[in-house]
Amino acid sequence: NLLAFEKTPSYMFHGYYLPEILESVCPWKPKLLAILRNPIDRAWSQYNMDVFHNRRYGRDSTFESVLEKEIKWMHQLGLSNAPLPIAGTSTNSSNSDIVV
């Protein structure tokens, strides 16, 4: 038997309780496959959707300013070890090894 489902990427932020939930719903212990997008493409897509629908940051926010806010937010939640942006600089620098 094949059971397929789709989920939102935001569930991955709360993955610590996911195994327990899966075990209660799927006692046969299924194998999981996660297919992830290129993180830059995904961030750009999310930014464009948020700007189009005037969500969270407003239509006047730049991609760079949104990235800075998101990195700070992820640091506050303990979800990122990326370097924090320095005031007065842009995340659009030559530092290409930032991991979010």
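Here the structure is a predicted model, which is why all the values come from computation and not from measurement.

Hey, could you run me through the overall build of the protein chain in this one?
Helix and strand content of the protein chain: three helices and zero strands. For the protein chain, the exposed surface amounts to about 8600 Å²; the carbon and sulfur share of it is 58%.

Honestly, the confidence of the model for the protein chain in this entry has me stumped. Any pointers?
Low pLDDT marks stretches whose predicted atomic positions should not be read closely. Per-chain confidence: the protein chain averages 75 in pLDDT, with 72% of residues scoring 70 or above. The element-level mean pLDDT for the protein chain is lowest in helix 1 (residues 18-25), coming to 81, with helix 2 (residues 39-52) highest at 88. Across residues 91-100, where pLDDT falls below 50, the model places 14 contacts with residues more than four positions away in sequence or in other chains.

For this particular structure, what's the right way to read the environment of Ala82?
When you line up the elements, Ala82 lands in the segment after helix 3 (63-76). For Ala82, a relative accessible area of 2% gives the class buried.

I would appreciate a short explanation of the packing of aromatic side chains in the present structure.
Each aromatic ring pair is described using two quantities: the centre-to-centre distance and the angle formed by the ring planes. Counting across every chain of the model gives three aromatic pairs. Feature note: the residues Trp44, Tyr47 and Phe63 constitute an aromatic cluster, connected by ring pairs.

What is the right way to look at a nonpolar patch on the surface in this model?
Together, Tyr16, Tyr17, Leu18, Ile21 and Val25 give the surface a local cluster of nonpolar side chains, amounting to about 510 Å² of exposed area. Mapped onto the elements, Tyr16 comes out in the segment before helix 1. Under the relative-accessibility criterion, Tyr16 is labelled exposed at 67%.

In this structure, what is going on with helix 3? I would like to understand it.
Residues spaced three or four apart along an α-helix point in a common direction, a consequence of the helix completing one turn every 3.6 residues. Compared with an ideal rise of 1.5 Å per residue, which puts 14 residues at 20 Å, helix 3 spans 20 Å between its outermost C-alpha atoms and is within 8% of the ideal. For helix 3, the full list of buried residues reads Phe63, Val66, Glu68, Glu70, Ile71 and Met74. In this fold, the buried residues of helix 3 make contact with helix 2.

Scoring rules and cut-offs
- Residues numbered from 1 in each chain as written.
- Predicted model: local features only at pLDDT ≥ 70, side-chain atom pairs only at ≥ 80, totals over all residues.
- Heavy atoms only, no water.
- Helix = DSSP H or I, 4+ residues; strand = E, 2+ residues; numbered from the N terminus.
- Areas by Shrake-Rupley, 256 points an atom, 1.4 Å probe, with all protein chains shown as cover.
- pLDDT = per-residue confidence, 0-100.
- Contact = heavy atoms within 4.5 Å.
- Buried < 20%, exposed > 50% of the residue type's maximum accessible area, 1.4 Å probe, protein only.
- Phe/Tyr/Trp six-rings, centres within 6.5 Å; stacked < 30°, edge-to-face > 60°.
- Patch = residues over 30% accessible without salt bridge, like charges linked within 9 Å, V, L, I, M, F, W, Y side chains within 5 Å.
- Salt bridge = Lys/Arg side-chain N within 4 Å of Asp/Glu carboxyl O.
- Expected span 1.5 Å × (residues − 1).

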